[in-house]
Amino acid sequence: MIRFNVPYKASRELQHVKEVLESGNLSGDGLFTRKVHAFFSEKYGFRSPLLTTSGTHALEMAAILARIAPGDEVIMPSYTFVSTANAFELRGAKIVFADSLSYDPNMDTESLENLITPKTKAIVVVHYAGVAVHMDQVMQLAQDHDLTIIEDAAHSIDATYKGRPLGTFGSYAAFSFHETKNISCGEGGMFIASLDGDFERAEIIREKGTNRSAFFRGDIDKYGWVDVGSSYLPSDILAAVLYAQLEELDQIQTLRLAVWKRYMDGLSGIKSKGVDLPVIPDYASNNAHMFYIVCNDKTERTELIERLKEHQIKAAFHYQPLHRSKYFAGKHDGRSLPNADKYGDRLVRLPLFADLNAVDQDKIIDLVCDHYK
Ligand SMILES: *Cc1c(COP(=O)(O)O)cnc(C)c1O
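Since this is a predicted model, take the numbers as computed values, not measurements. (Residues numbered from 1 in each chain as written. Predicted model: local features only at pLDDT ≥ 70, side-chain atom pairs only at ≥ 80, totals over all residues. Heavy atoms only, no water.)

*Asks:* Teacher, can you tell me more about helix 9 (residues 249-266) here?
*Replies:* Between its first and last C-alpha atoms helix 9 spans 26 Å; for 18 residues at 1.5 Å apiece the expected length is 26 Å, and the two agree. On its buried face, helix 9 is in contact with helix 2 (31-44), helix 8 (236-247), strand 10 (291-294), strand 12 (347-350) and helix 12 (358-371). (Helix = DSSP H or I, 4+ residues; strand = E, 2+ residues; numbered from the N terminus. Expected span 1.5 Å × (residues − 1). Contact = heavy atoms within 4.5 Å.)

Shown next, in the form of structure tokens:
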């Protein structure tokens, strides 16, 4: 059986967890949380990263920080995970879905200007598969229309746009450390606030609306309820697992990139059968979060997934476009989003994880090629 994903096991996970358990300090913002924060600040220049209980929760923090309120319009791609939208739906926003590009599941940034109205408050970009959205265009729109940019960087660890780390463009960014992501602690995430003055409020929202973090630092002599918030900080046990993964980040990325490249080389022949392979624009890096192909139609995809399954290989389709979801379909403004539909119907992801061995991978490649013979 070749699994779709196998979480990477870093060598010092248990050692770090043991240290936390023995320290007696298991709650949030302990030793390993601080180490993780320092790692991200140093390596990517993130301002004041904050570990969270999930990527979903980091997005919820972004929606609260951005003061999204009922009636505000928020633009985002339809082809994304439900959490991207839910965070803003929870604040009462009106979600306006944008289409994907024809050659890339990422949002078509050229299409955004037409979606902006006087009520538009924010654009949420999702760097699908860790491939950067065309940020120059997005930042220009933000400037012209005074919009807040939020990056759903759930796929985007160790990825860049024109050499600059993803997660540093928007006013807010959310990363995920769910077990399906490159770096994981099972369930977890990270919130980044890049604007001056936002960090203090971010800390408060993350600590149940209290200024407890400032109190623990000794900045104030008592703490209390000062704003809205929730409990968004993870146990230091999870931070210990995450830190062990970060210690091996370069190794993980090297392994994943090798798998990605092997697919790209091995499958190049099926392009002549009308199948699309991923496109990495010049401005984007490749963090090997995912390898997908885009089949000619839905039936072909179903047959391919079935064929792989018969050979004990798990391949997976991805998002159902949110504008057509059961929850949202009735609220959608009726625009057709053909490219989002296309990826919803035809995109299939192949197994990709650091320890996928070449023998197994070649079996997958051979089967896919054979399917298109
Ligand atoms: C995984 C993911 C999330 C949510 O992250 P969790 O940590 O699972 O809550 C949000 N957006 C996208 C695009 C994702 O892939």
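*Asks:* Honestly, the pattern of salt bridges in this entry has me stumped. Any pointers?
*Replies:* Pairing between side chains of opposite charge can happen when the charged atoms of each approach one another. Summed over the entire model, instances satisfying the criterion amount to 20 salt bridges. Ionic pairing is found between Arg-201 and Asp-227, a salt bridge with its closest N-O pair at 2.7 Å. Note that Arg-201 is positioned in helix 6 (residues 198-206) and Asp-227 in the loop between helix 7 (212-217) and helix 8, a separation of 26 residues in sequence. Given a relative accessible area of 22%, Asp-227 falls into the partly exposed group. What emerges from the salt-bridge pattern is a single network uniting Glu-203, Arg-217 and Asp-219. (Salt bridge = Lys/Arg side-chain N within 4 Å of Asp/Glu carboxyl O. Buried < 20%, exposed > 50% of the residue type's maximum accessible area, 1.4 Å probe, protein only.)

*Asks:* Would you mind showing me how to read the site of the ligand here?
*Replies:* Close contacts around the ligand come from 15 residues, with Thr-56, Asp-152, His-155, Ser-176 and Lys-181 the closest. Interatomic distance of 3.3 Å between a side-chain N/O atom of Lys-181 and an oxygen atom of the ligand. About the coverage of the ligand: the protein hides 93% of its 380 Å² of free accessible area. The class makeup of the residues in the shell around the ligand is four nonpolar, nine polar and two charged. (Near = heavy atom within 4 Å. Polar contact = N/O pair within 3.5 Å; in protein donor to acceptor, adjacent residues only side chain to side chain. Areas by Shrake-Rupley, 256 points an atom, 1.4 Å probe, with all protein chains shown as cover. Nonpolar A, V, L, I, M, F, W, Y, C, P; charged D, E, K, R; others polar.)

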